[in-house]
Amino acid sequence: MSEEQNVDAIDHVVGAWRRERPELDLTAIGVAGRLGRVVLLTTPMVEAVFAKHGLKQGEFDVLAALRRSGKPYTLIPSELSATLMMSRAGMTSRIDRLETAGLVERALDPEDRRSFRVTLTERGFEVVDAAMTEHTANVAKLLSPLGGDLEVLDGALRRLLGSLE
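As named in an unreviewed UniProt entry, the chain is MarR family transcriptional regulator, taken from Amycolatopsis azurea DSM 43854.

Written out as structure tokens, the structure reads:
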């Protein structure tokens with residue numbers, strides 16, 4: 001399929017703006033619109049994988065942060081909050097839900113009795129590993145139409161994020 005035949009909803013929006021404001025370079029608007037649309041369309045498909053494992057996206061994120069921290073798969077809540085860029089209050093409610101589900105456990109921090117450590121349980125380890133395996137395959141499938149362009153896009157988005165962060 002040629003680029004001319006591969007028209008999407010964003011092309012219609014950008015085309016209307018080009019008609020109304022021909023003096024504007026709308027290339028970046030098209031890219032930003034497509035990035036937003038990709039997130040909008042892929043989010044339900046990503047969340048469906050987590051739901052099959054009894055998780056919400058945010059719960060998966062906590063389990064994944066613990067899992068990739070390496071043995072003993074333990075972090076303090078402030079480390080989890082910083083890693084996931086979220087408030088400590090929001091983190092507490094996620095940890096509460098995961099503890100109730102038996103996926104993590106909390107214990108007082110022996111080095112700082114005012115804090116506690118969050119550790120993956122054996123069940124949490126199994127759930128996050130299964131979810132991550134399926135999540136990786138799912139995202140690879142969703143992005144498979146990019147083929148060899150995937151690495152180019154990865155590099156471009158890395159540069160963009162680096163400049164924004």
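Now that the structure is up, let's keep going.
So, about the side chain of His-135. Within the secondary structure, His-135 sits in helix α6 (residues 122-143). Under the relative-accessibility criterion, His-135 is labelled buried at 16%. Once residues lying within four places of it in the same chain are set aside, the contact partners of His-135 are Val-46, Val-49, Phe-50 and Phe-60.

Note: strand β1 (residues 74-75) against strand β3 (residues 112-120), two bridges, orientation antiparallel. From the neighbouring strand, Thr-74 faces β3, where its bridge partner is Thr-119. With six bridges connecting them, strand β2 (residues 104-109) and β3 associate as antiparallel partners. Each residue of the ladder has a partner; that of Val-104, found in β3, is Leu-120. Where β2 folds back on β3, the antiparallel hairpin that results is connected by two residues.

Leu-55, Leu-63, Leu-66, Leu-80 and Val-104 are the most contacted members of the largest nonpolar core, which has 23 residues in total. For this core, the secondary-structure elements that each account for two or more residues are α2 (27-52), α3 (57-68), α4 (77-84), α5 (88-100), β3 and α6. Looking at this core element by element, the count peaks at six residues for α3. When neighbours within four sequence positions are excluded, Leu-63 is seen to be in contact with Leu-55, Leu-98, Leu-103, Val-104, Leu-120 and Val-128.

On to the pattern of salt bridges. According to the stated counting rule, one finds 10 salt bridges in the structure shown. With its nearest N and O atoms 2.6 Å apart, the salt bridge here joins Arg-21 to Glu-23. For Asp-154, the salt bridge goes to Arg-158, with nearest N and O atoms at 3.1 Å. Here the residue Asp-154 and the residue Arg-158 both occupy positions in helix α7 (residues 149-164), the gap between them amounting to four residues, near one helical turn. According to the relative accessible area criterion, Asp-154 is partly exposed, its value standing at 42%. Of the residues examined, Arg-158 reaches a relative accessible area of 56% and is grouped as exposed. Salt bridges sharing partners connect three or more residues here, namely Asp-8, Asp-11 and Arg-34.

Time to look at the sheet that holds β2. Taken in spatial order, the three strands line up as β1-β3-β2 in an open sheet, and their pairing is antiparallel. Edge positions in the sheet fall to β1 and β2, since each of these pairs with one other strand and no more. Docked against the sheet, α3 engages β1, β2 and β3, running at close to 95 degrees with respect to β3. On the sheet, α4 packs against β1 and β3 and is oriented at approximately 60 degrees with respect to β3.

Calculation notes
- Residues numbered from 1 in each chain as written.
- Predicted model: local features only at pLDDT ≥ 70, side-chain atom pairs only at ≥ 80, totals over all residues.
- Heavy atoms only, no water.
- Helix = DSSP H or I, 4+ residues; strand = E, 2+ residues; numbered from the N terminus.
- Buried < 20%, exposed > 50% of the residue type's maximum accessible area, 1.4 Å probe, protein only.
- Contact = heavy atoms within 4.5 Å.
- Pairing = 2+ DSSP bridges.
- Core = buried A, V, L, I, M, F, W, Y, C linked by side-chain atoms within 4.5 Å.
- Salt bridge = Lys/Arg side-chain N within 4 Å of Asp/Glu carboxyl O.
- Axes fitted to C-alpha atoms, helices over the stretch in contact; angles between N-to-C directions.

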